[in-house]
Amino acid sequence: MKNYLLIGLLLAACLYSCNKNDDEIIPEEIVEIENHIKAKVGDQDLVIFQDNSLNEDSLNSFSFSFGQVITTYDNSDRADTNLFISGYLNHQQLKVSFPYTKTNGKYAIVRNYGPISTLKGFYSNTINIDKEEGFINFETTNFLQEDIPETKIGELEITTFDLVKREVAGTFHFDAYGYFYDWQSNHPKISAVDSVIHVKQGSFYYKWDEELKISTVKASTDYPVIFLGD
């Protein structure tokens, strides 16, 4: 008899708890997504917002941009329309570019010669720049057209591209290879160095206000850029 009574009490308590939860009004939490690009660069978490007030320790070295690059080819009528998103904060820059597409999808980042690449990753760090010698940038492209095989070194996924809502978002990871820029010589030169940066857990989001005017016309220069943003 005691067992039946105990079971009845437990059922009543359970029903009361369920009814109470059903009656509770839980406010919907709205989290606004800010325009940003971020990644884990080596062991560092690098986060750059378009709204500079959200950035940490801004040292008056800041920019954020989203736009279009039309990549052209030597002696060819071929041209690719690419979009890019770039953030620069505290002497560090993180940038990715990707094909203009109206569908979601994954794309391999392949290390090949620069102008042929429609997907690119880029990172630079000039915090401790050596003003007497030069600086190093890190590229996913075979910037100097070195005699190396084309290799997949990362991936970029477009998770959102909505022309109606005017927003684009994606994730990425890649390995970027070092190139030394010697700006002190009489003839500034660029040379490859034995240094690699691993960029992981990357993501970006951008929502634009103005109309995004995409051009597919080959221009007279290699890299005409249409900037949207700061």
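Each value, and the rule that gives it
Residues numbered from 1 in each chain as written. Predicted model: local features only at pLDDT ≥ 70, side-chain atom pairs only at ≥ 80, totals over all residues. Heavy atoms only, no water. Core = buried A, V, L, I, M, F, W, Y, C linked by side-chain atoms within 4.5 Å. Buried < 20%, exposed > 50% of the residue type's maximum accessible area, 1.4 Å probe, protein only. Helix = DSSP H or I, 4+ residues; strand = E, 2+ residues; numbered from the N terminus. Phe/Tyr/Trp six-rings, centres within 6.5 Å; stacked < 30°, edge-to-face > 60°. Salt bridge = Lys/Arg side-chain N within 4 Å of Asp/Glu carboxyl O. Pairing = 2+ DSSP bridges.

Q: Hey, could you go over the nonpolar core for me, with residue numbers and the actual values?
A: In this structure, Ile 37, Leu 156, Phe 172 and Phe 204 are the most contacted members of the largest nonpolar core, which totals 31 residues. Among the elements of the structure, strand 1 (36–41), strand 2 (44–49), strand 3 (62–72), strand 4 (79–89), strand 5 (92–99), strand 9 (151–162), strand 10 (167–182) and strand 11 (189–207) are those that each provide at least two residues to this core.

Q: Describe in detail the packing of aromatic side chains, supporting the description with residues and values.
A: Within the structure shown, the criterion is met by twelve aromatic pairs. When the centroid spacing of 4.7 Å and the interplanar angle of 25° are considered together, the rings of Phe 66 and Tyr 206 count as stacked. In this pair, Phe 66 is assigned in strand 3 and Tyr 206 in strand 11, connecting sequence segments 140 residues apart. Look at Tyr 123 and Phe 138: their rings are 6.3 Å apart centre to centre, the planes differ by 35°, and that puts the pair in the tilted class. Taken together, the positions of Tyr 123 in strand 7 (residues 120–125) and Phe 138 in strand 8 (residues 134–139) put the pair 15 residues apart, joining distant regions of the chain. A relative accessible area of 3% means that Tyr 123 is categorised as buried. A connected cluster of aromatic rings, assembled from ring pairs, spans Phe 64, Phe 66, Tyr 100, Phe 161, Tyr 206 and Trp 208.

Q: For the environment of Asp 57, give the residues involved together with the corresponding values.
A: Assignment of secondary structure puts Asp 57 in the loop between strand 2 and strand 3. Relative accessible area serves as the criterion here: at 60%, Asp 57 is assigned to the exposed category. As for Asp 57 and Leu 89, which are separated by 32 residues in sequence, their C-alpha atoms are 8.9 Å apart.

Q: Requested: an account of the pattern of salt bridges, with residues and values cited.
A: What the rule picks out here adds up to three salt bridges. Here Glu 146 ties to Arg 111 by a salt bridge, and the two come within 3.7 Å at their closest N and O atoms. Remark: Arg 111 occurs in strand 6 (residues 105–111) and Glu 146 occurs in the loop between strand 8 and strand 9; sequence separation between them is 35 residues. Residue classification places Glu 146 among the partly exposed residues on the basis of a relative accessible area of 25%. Lys 152 is the salt-bridge partner of Glu 155, the closest N and O atoms lying 3.6 Å from each other. A relative accessible area of 51% places Lys 152 in the exposed class.

Q: A description of the pairing of strand 10 should follow, citing residues and the corresponding values.
A: Pairing analysis gives six bridges linking strand 8 to strand 10, with the strands arranged antiparallel. If you follow Phe 138 over to strand 10, its bridge partner there is Gly 178. Pairing of strand 9 with strand 10 involves eight bridges; the strand directions are antiparallel. Its bridge partner lying in strand 10, Thr 160 is registered against Ala 169. From the end of strand 9 to the start of strand 10, which pair antiparallel, there are four residues, and Arg 166 there has a positive phi angle of about 60°. Alignment of strand 10 against strand 11, held across 14 bridges, turns out to be antiparallel.

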